Amino acid sequence: MTAPSYWRERKYRYRLIAKYCRNCDKKYYPPRLVCLRCGNDKLEEVELPRKGTLITYTWVTQPPNEFAAYAPYAIGLIKLDDGTLIFAQLTDVDYEELREGLRVEAVFRKNV
Amino acid sequence: MNEVYITGIGLTKVSEHWNKSLKHLTYESVQNCLKDCNYKKPDLIVVSNALGGFIQYQESLSNLIAENLSLNKIPNLRIETGEASGASALMVGYMAIASGMFKNVLIIGVEKISDALPHQFISYVSSFLDYEYFVYNGITPASIFAILYKLYLKRYNAKQENIAQFASHDHKMAINVEHAQYRFNLPVERILSSPILVDPIRLFESYPVSDGAASIMLSSKDQVENKDYSVKLEMISASTDVNVLYREDMLLFASLRDSFSQIRKHAKIELKDIDFLEIYDPYTIASPIILESLGLLNKGEGYKLLLEGQHEKDGDLPLNTHGGLKARGHPIGATTLYQVCESVLQLRDKAYNQVPNAYIGLVHSMNNIGDQSFLILLKRL
């Protein structure tokens with residue numbers, strides 16, 4: 001990914017900022033510009049909760065080029081505490097320790 | 001609106017073609033197609049190719065292909081909608097004929113994956129997702145299918161051996177198919193003992209690395225010479241869905257449900273009228289979800305007809321009679337054109353696994369995890 005695109009998206013990614021439609025009470029992450037239900041384009045920016053529950057997970061052994069050095073790694077489908085679903089990498093945990101229902105929180109991880 | 005017919009098809013073998021370029025593969029399939037349609041002269045060329053810009057660094061591909069075929073002074077264009085590129089190219093060809101603007105449109109699907117290194121290929125194919133938010137986190141299409149797989153097994157208390165059976169089915173079909181990539185039996189035990197690709201997806205539950213090209217000549221009614229050979233392209237329906245995270249039910253492809261209701265409404269066709277079905281099955285778990293989304297089977301029962309043997313060539317609904325994505329192979333931009341060519345063979349009574357009395361065929365194509373769905377309805381004349 002190019003440097004300007006990291007820069008443009010940094011707020012949404014690092015602070016988990018979603019777009020919120022007040023009409024539909026619906027949050028979008030990845031952020032979208034227009035509500036996919038009602039077409040409202042006056043979406044507000046809201047910070048998502050940084051804690052959630054692991055719904056399910058998998059183990060990526062065939063990574064994209066960008067993550068070749070980190071494979072294998074775990075990714076999870078996470079339900080944040082407000083109900084928003086996100087995909088994220090799971091860190092500081094062994095694959096054997098992973099289980100559905102595990103509590104997780106968003107952290108920064110050092111690129112090693 | 002003018003009626004649209006398929007008057008010629010041309011295939012190359014799906015394989016890892018180390019000694020052939022995009023140009024060579026295309027040339028072969030187009031020569032076969034031109035011969036098949038008695039050398040009609042196209043007045044438009046539509047190329048379906050998803051990854052040539054990434055893998056071969058080749059853009060403007062349609063013009064290069066036209067020059068290489070010596071088909072100059074004809075408009076050409078390239079269509080890309082990810083894995084559904086082939087279906088979109090057909091749709092553009094359909095519109096071109098239906099509008100009355102063109103008489104013969106040559107649709108060419110071509111892809112050459114073996115030129116890419118494995119990790120590069122995963123990056124490229126992941127670019128079909130929202131790159132800035134999915135690939136940035138290391139999420140690939142395979143990992144999303146793996147998550148759907150786990151959700152499916154849990155919600156419906158299903159067994160992996162039943163779902164893996166879809167790969168076994170594809171391989172059994174491919175044995176007779178000359179242009180298929182992997183022509184051998186693959187029992188479920190071997191699939192389940194193959195290495196884990198993305199837990200729980202096993203290696204043999206995934207599509208392979210494939211190169212291939214397939215071409216189709218679409219024509220208006222006045223261009224149809226041989227009625228035994230030509231097939232009517234009755235309708236193409238298309239619909240889309242939001243990405244999986246926004247969906248109400250991850251285990252349902254709403255775009256496909258929507259796409260099929262268009263077929264029912266406009267073509268007045270029900271599932272019972274269909275003589276054979278081709279589905280887009282990059283991973284085994286896609287198959288039951290597709291069959292359930294079509295409304296063929298109840299949720300959680302997507303593999304029921306398979307276990308009953310009803311997807312065999314003489315069953316109630318023959319499925320992927322030429323090996324599907326797993327055994328025929330999956331040269332991405334060409335895949336849907338292979339599916340349609342194979343269906344034309346069925347309707348000509350020339351298929352490798354001929355379905356008795358095949359008059360109506362339905363081809364399913366999709367991008368990503370049902371983000372886009374297409375259905376192509378074909379009828380014997």
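## Quick look at the domain arrangement of chain B
Residue and element names in this part refer to chain B.
And then number 1: Looking at the assigned domains, one finds that chain B contains domain 1 (4-117 + 210-223) and domain 2 (140-209 + 232-380).
And then number 2: Averaged C-alpha coordinates put domain 1 and domain 2 at centres separated by 23 Å.
And then number 3: Listed per partner, the contact involves 44 residues of domain 1 and 38 residues of domain 2.
And then number 4: For the domain 1 and domain 2 pair, buried surface summed over both sides reaches about 3,100 Å², with 67% attributable to carbon and sulfur atoms.
And then number 5: Area buried by domain 1 at its contact with domain 2 is led by V14, E83 and S210, which between them contribute 23% of it.
And then number 6: Between the two partners, domain 1 and domain 2, sit 1 salt bridge.
And then number 7: At the boundary of domain 1 with domain 2, the tally comes to 17 residue pairs in polar contact (both at pLDDT 80 or more).
And then number 8: Ranked by residue count, the leading element in the side of domain 1 that touches domain 2 is strand β1 (residues 4-11), at 8 residues.
And then number 9: Of the residues contributing to the side of domain 1 that touches domain 2, the split by class is 21 nonpolar, 17 polar and 6 charged.

## A closer look at a nonpolar patch on the surface
And then number 1: Together, A:M1, A:Y6, A:Y14 and A:F108 make up an exposed nonpolar region whose accessible area comes to about 400 Å².
And then number 2: Relative accessible area serves as the criterion here: at 63%, A:F108 is assigned to the exposed category.

## Overview of the interface of chain B and chain A
And then number 1: If you look at the interface, chain B gives 33 residues, while chain A gives 41 residues.
And then number 2: With both chains or domains summed, chain B and chain A bury close to 3,200 Å², and 61% of this area falls on carbon and sulfur atoms.
And then number 3: Residue B:E132 is joined to A:R8 by a salt bridge in which the shortest nitrogen-to-oxygen separation is 3.7 Å.
And then number 4: On the surface where chain B and chain A come into contact, there are 16 residue pairs in polar contact (both at pLDDT 80 or more).

## Quick look at the environment of B:G329
Residues and elements named next belong to chain B.
And then number 1: Its location among the elements puts G329 in the loop between α12 (324-328) and α13 (332-347).
And then number 2: In this structure G329 comes out as buried when scored by relative accessible area, which is 0%.
And then number 3: Distance in space between the C-alpha atoms of G329 and G212 is 8.6 Å, their sequence separation being 117 residues.
And then number 4: Not counting residues within four places of it along the chain, the set of residues in contact with G329 comprises V14, Q181, P208, S210 and G324.

## Some remarks on the sheet that holds strand β3 (residues 44-47) of chain A
Residue and element names in this part refer to chain A.
And then number 1: Read from one edge of the open sheet, 3 strands run β2-β1-β3, paired in antiparallel fashion. Either end of the sheet is taken by a strand with one partner, and the two such strands are β2 (26-28) and β3. Averaged over all pairs of adjacent strands, the angle between their axes in this sheet comes to 40 degrees, without regard to strand direction.
And then number 2: Bridge count for strand β1 (residues 17-21) against β3 is 4 bridges, and the pairing is antiparallel. Residue pairing for β3: A18 is matched across the bridge by V46.

## Things to note about the environment of B:A116
All names here are of chain B.
And then number 1: With respect to the helices and strands, the residue A116 is situated in the loop between β4 (104-112) and α5 (118-126).
And then number 2: C-alpha separation for the pair A116 and G138, spaced 22 residues apart in sequence, amounts to 19 Å.
And then number 3: A116 has contacts with I55, F121 and Y124, leaving out every residue within four places of it along the chain.

## Quick notes on the layout of surface pockets
And then number 1: In this structure, the largest pocket spans a volume of roughly 1,100 Å³.
And then number 2: Taken together, 40 residues form the lining of the largest pocket, with A:A88, A:Q89, A:V107, B:Y136 and B:N137 sitting closest to its centre.
And then number 3: It is strand β6 (residues 85-90) of chain A that contributes the most residues to the lining of the largest pocket, 5 residues altogether.
And then number 4: Along the lines of polarity and charge, the residues of the lining of the largest pocket split into 27 nonpolar, 5 polar and 8 charged.
And then number 5: Both domains that meet at the lining of the largest pocket, namely domain 1 (1-48) and domain 2 (49-112) of chain A, each give it at least three residues.
And then number 6: In this structure, the second largest pocket spans a volume of roughly 630 Å³.
And then number 7: Listed by contribution, the elements that provide at least two residues to the lining of the second largest pocket are α5, α6 (141-155) and β5 (196-198) of chain B.
And then number 8: Element by element, the count of residues in the lining of the second largest pocket is highest for α5(B), at 5 residues.
And then number 9: Class assignment of the residues belonging to the lining of the second largest pocket gives a composition of 21 nonpolar, 6 polar and 3 charged.
And then number 10: Composition of the lining of the second largest pocket by domain shows at least three residues from each of domain 1 (4-117 + 210-223) and domain 2 (140-209 + 232-380) of chain B.

## Some thoughts on the packing of aromatic side chains
And then number 1: One pass over the full model with this rule turns up 14 aromatic pairs over all chains.
And then number 2: Between B:Y152 and B:Y156, the aromatic rings sit 4.7 Å apart at their centres with planes inclined by 70 degrees, giving edge-to-face as the arrangement.
And then number 3: A network of ring pairs unites the aromatic residues A:Y57, A:W59 and A:Y95 as a single cluster.
And then number 4: Positioned above the aromatic ring of B:Y133, the side-chain terminus of A:R13 is 5.5 Å from the ring centre.

## Let's talk about the side chain of B:N320
Residues and elements named next belong to chain B.
And then number 1: Note that N320 resides in the loop between α11 (304-307) and α12.
And then number 2: Only 2.7 Å separates the side chain of N320 from the backbone nitrogen of I279, close enough to count as a polar contact.
And then number 3: With near-sequence residues (within four places) excluded, N320 lies in contact with H169, D170, M173, L277, E278, I279 and D281.

## Points about the packing of helix α4 (residues 85-98) of chain B against α13(B)
Residues and elements named next belong to chain B.
And then number 1: Relative orientation of the contacting elements α4 and α13 amounts to 65 degrees, with a least axis distance of 6 Å. Residues S85, G86, A87 and L90 of α4 touch α13, and the partners they reach there are G333, T336, L337 and V340.
And then number 2: Here the residues of the contact of α4 with α13 are counted per class, giving 4 nonpolar, 4 polar and no charged.

Analysis parameters
- Residues numbered from 1 in each chain as written.
- Chains lettered and ligands numbered in written order.
- Predicted model: local features only at pLDDT ≥ 70, side-chain atom pairs only at ≥ 80, totals over all residues.
- Heavy atoms only, no water.
- Domains from an automatic or database assignment.
- Contact = heavy atoms within 4.5 Å.
- Buried area = accessible area lost by both parts, 1.4 Å probe.
- Salt bridge = Lys/Arg side-chain N within 4 Å of Asp/Glu carboxyl O.
- Polar contact = N/O pair within 3.5 Å; in protein donor to acceptor, adjacent residues only side chain to side chain.
- Helix = DSSP H or I, 4+ residues; strand = E, 2+ residues; numbered from the N terminus.
- Nonpolar A, V, L, I, M, F, W, Y, C, P; charged D, E, K, R; others polar.
- Patch = residues over 30% accessible without salt bridge, like charges linked within 9 Å, V, L, I, M, F, W, Y side chains within 5 Å.
- Areas by Shrake-Rupley, 256 points an atom, 1.4 Å probe, with all protein chains shown as cover.
- Buried < 20%, exposed > 50% of the residue type's maximum accessible area, 1.4 Å probe, protein only.
- Pairing = 2+ DSSP bridges.
- Axes fitted to C-alpha atoms, helices over the stretch in contact; angles between N-to-C directions.
- 1 Å grid on protein atoms, 1.4 Å probe; cavity = no way out; pocket = protein on both sides within 12 Å on 5 of 7 lines; lining within 4 Å.
- Points joined across faces, edges and corners; volume = space filled by probe spheres on them.
- Phe/Tyr/Trp six-rings, centres within 6.5 Å; stacked < 30°, edge-to-face > 60°.
- Lys NZ or Arg CZ within 6 Å of the ring centre and 35° of its normal.

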